[in-house]
Amino acid sequence: MREKSVIQNRPITFAAFGERSTAFREATTYIARYNQTVERLQSLTPEQLARAEQRLLRPAPASRIAAARDFGIDLTLLLMQLRLSPAERGSQMLELCNHVEELTGRARR
Amino acid sequence: MKFDVAVQAFCDAGVEFVLIGGWAAILNGSVRTTRDLDICYARTSENHRRLATALAPYHPRPREFPPNLPFVWDATTLNNATVFTLTTTLGAIDLLAEVSGLGTFEQVKAVSKLVHAFDREIWTLDLPALIVAKRAAGRPRDIQALPELESLLEASSE
């Protein structure tokens, strides 16, 4: 009954429940299930990274990677990025973009 | 450019959005720099209200508008169009309700992944969807991005 009145009168937050409450257990189960079903973009596993390294450093003939190399893409740079976590890729690129913008601004002045 | 601040502002305001374009490519491993932040947003009145509130402190204006032309940034403005190419104090931000080759926000989200970046949990297009979107957009810079994205996909696929 106590839980019911909390739900009716206040927004549901984890802090509103005791850890032993049914609502808390249901919420944590739901979140765990949600996290399992949602696809996440994550760092490559060591196995995935080893496979990517093999493919990027020794591209198979007629592969997309070989075509990209012939197009002028530096495959070693891609490998460097794949070694990072997505968050690291984002923050490094943000730093680079800001540096480029600063240099462009200086050149204009 | 403070795109991390923009992403954090959207997240903290509860905006439903998916990162698309250059920054989605970067999080997936691209080394191509980009000068703007592209997002696809849900076209609901509540989301328009949140988006308008989140971006308001950064003085958004359409990039093509002369400086002396009045422009009102609010949920009604967002309701009246589906594409906004904005200049803000954080940098250039493009808001799209639909993405070429993919469709509406719901269709875009269905081909997206959750990622931890810019100190938040955000949705971003996955590599196959990015390739479809770039190919459908068909502009020279989108086509030029394809070999790199296809390499990343081939390198990281099972």
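Calculation criteria
Residues numbered from 1 in each chain as written. Chains lettered and ligands numbered in written order. Predicted model: local features only at pLDDT ≥ 70, side-chain atom pairs only at ≥ 80, totals over all residues. Heavy atoms only, no water. Helix = DSSP H or I, 4+ residues; strand = E, 2+ residues; numbered from the N terminus. Buried < 20%, exposed > 50% of the residue type's maximum accessible area, 1.4 Å probe, protein only. Contact = heavy atoms within 4.5 Å. Buried area = accessible area lost by both parts, 1.4 Å probe. Salt bridge = Lys/Arg side-chain N within 4 Å of Asp/Glu carboxyl O. Polar contact = N/O pair within 3.5 Å; in protein donor to acceptor, adjacent residues only side chain to side chain. Nonpolar A, V, L, I, M, F, W, Y, C, P; charged D, E, K, R; others polar.

Enquirer: Can you help me understand unusual backbone geometry in this one?
Expert: Note on backbone geometry: most residues besides glycine have negative phi, and most peptide bonds are trans. One non-glycine residue, A62 of chain A, adopts positive backbone phi at about 65 degrees. Among the structural elements, A62 of chain A can be located in the loop between α3 (46-57) and α4 (64-71). If you check the backbone angles, H59 of chain B has positive phi at about 50 degrees while not being a glycine. By secondary structure assignment, the location of H59 of chain B is in the loop between α3 (45-55) and β3 (61-62). The exposure class assigned to H59 of chain B is exposed, which follows from its relative accessible area of 56%.

Enquirer: Sorry, what's going on with the environment of R108 of chain A here?
Expert: All names here are of chain A. Following the sequence through the fold, R108 ends up in helix α6 (residues 86-108). R108 sits in the exposed class, given a relative accessible area of 66%. Residues R108 and L57, 51 residues apart in the sequence, show an inter-C-alpha distance of 39 Å.

Enquirer: Hey, could you run me through the interface of chain B and chain A in this one?
Expert: One widely used convention gives an interface's size as the accessible area the parts lose upon coming together. If you look at the interface, chain B gives 34 residues, while chain A gives 33 residues. Each partner contributes to the roughly 3,000 Å² buried at the junction of chain B and chain A, and carbon and sulfur atoms together form 64% of this total. Looking at the side of chain B facing chain A, the largest losses of area belong to M1, E154 and A155 of chain B, adding up to 19% of the total buried there. Inspection of the chain B/chain A interface yields four salt bridges. Notably, a salt bridge pairs R40 of chain A with E121 of chain B, separated by 2.5 Å at the nearest N-O pair. The interface formed by chain B and chain A contains 12 residue pairs in polar contact (both at pLDDT 80 or more). Those elements giving two or more residues to the side of chain B that touches chain A turn out to be α1 (3-12), α2 (21-27), β8 (112-117), β9 (120-125) and α7 (140-156) of chain B. With nine residues, the single largest contributor to the side of chain B that touches chain A is α7 of chain B. Partitioned by chemical class, the residues of the side of chain B that touches chain A number 14 nonpolar, 11 polar and nine charged.

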